[in-house]
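# Understanding the architecture of this molecule
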Amino acid sequence: MGFWADFWTLNFIIAGSAFAGIAAIVAFRGVADLRNMLADLKHAQTVRAAAKRSAQ
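We now turn to the structure provided with this report.

## Thoughts on the overall build of the protein
What the protein contains, in helices and strands, is one helix and zero strands. Expected size for 56 residues packed as a compact globule is a radius of gyration near 10 Å; at 24 Å, the protein overshoots this value by more than 25%. Evaluated residue by residue, the protein yields a buried proportion of 0% over its 56 residues. Accessible surface computed for the protein: about 5,300 Å², of which carbon and sulfur atoms make up 71%.

Here's what the structure looks like:
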């Protein structure tokens with residue numbers, strides 16, 4: 001029984017570490033992508049507002 005307990009403990013540690021690493025990478029890169037997306041949306045809103053003003 002000791003082998004299987006060690007086996008599953010090691011599997012759990014590897015899987016948990018992989019999940020934590022992937023989650024950290026996604027979180028850090030996601031923040032940059034989110035900032036870019038919000039900047040693009042703000043720019044588009046400004047362009048639309050300027051076009052609307054010039055049309056009036």
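## Remarks on the environment of Thr-46
Positionally, Thr-46 belongs in helix α1 (residues 2-55). For Thr-46, a relative accessible area of 48% translates into the label partly exposed. In this structure the side chain of Thr-46 is engaged in a polar contact, spanning 2.9 Å, whose partner is the backbone oxygen of Lys-42.

## Examining the packing of aromatic side chains
Throughout the structure, instances matching the rule amount to four aromatic pairs. Relative to Phe-7, the ring of Phe-3 lies with its centre 6.2 Å away and its plane at 25 degrees, an arrangement referred to as stacked. Pair noted here: Phe-3 and Phe-7 are both in helix α1, with a separation of four residues, about one helical turn. Judged by its relative accessible area of 32%, Phe-7 is partly exposed. Here a set of aromatic residues connected by ring pairs shows up, and it is made of Phe-3, Trp-4, Phe-7 and Trp-8.

## Notes on the environment of Ile-22
As for its position among the elements, Ile-22 is in helix α1. Ile-22 gets classed as exposed once you look at its relative accessible area, which sits at 53%. Between the alpha carbons of Ile-22 and Arg-35 there is a distance of 20 Å; along the sequence they are 13 residues apart.

## As for a nonpolar patch on the surface
A cluster of nonpolar side chains, contributed by Phe-3, Trp-4, Phe-7 and Trp-8, occupies part of the molecular surface with about 510 Å² of accessible area. Look at Phe-3 and you get exposed, because its relative accessible area is 57%.

What counts and how
Residues numbered from 1 in each chain as written. Predicted model: local features only at pLDDT ≥ 70, side-chain atom pairs only at ≥ 80, totals over all residues. Heavy atoms only, no water. Helix = DSSP H or I, 4+ residues; strand = E, 2+ residues; numbered from the N terminus. Rg over C-alpha atoms; globule rule 2.2 N^0.38 Å. Buried < 20%, exposed > 50% of the residue type's maximum accessible area, 1.4 Å probe, protein only. Areas by Shrake-Rupley, 256 points an atom, 1.4 Å probe, with all protein chains shown as cover. Polar contact = N/O pair within 3.5 Å; in protein donor to acceptor, adjacent residues only side chain to side chain. Phe/Tyr/Trp six-rings, centres within 6.5 Å; stacked < 30°, edge-to-face > 60°. Patch = residues over 30% accessible without salt bridge, like charges linked within 9 Å, V, L, I, M, F, W, Y side chains within 5 Å. Salt bridge = Lys/Arg side-chain N within 4 Å of Asp/Glu carboxyl O.

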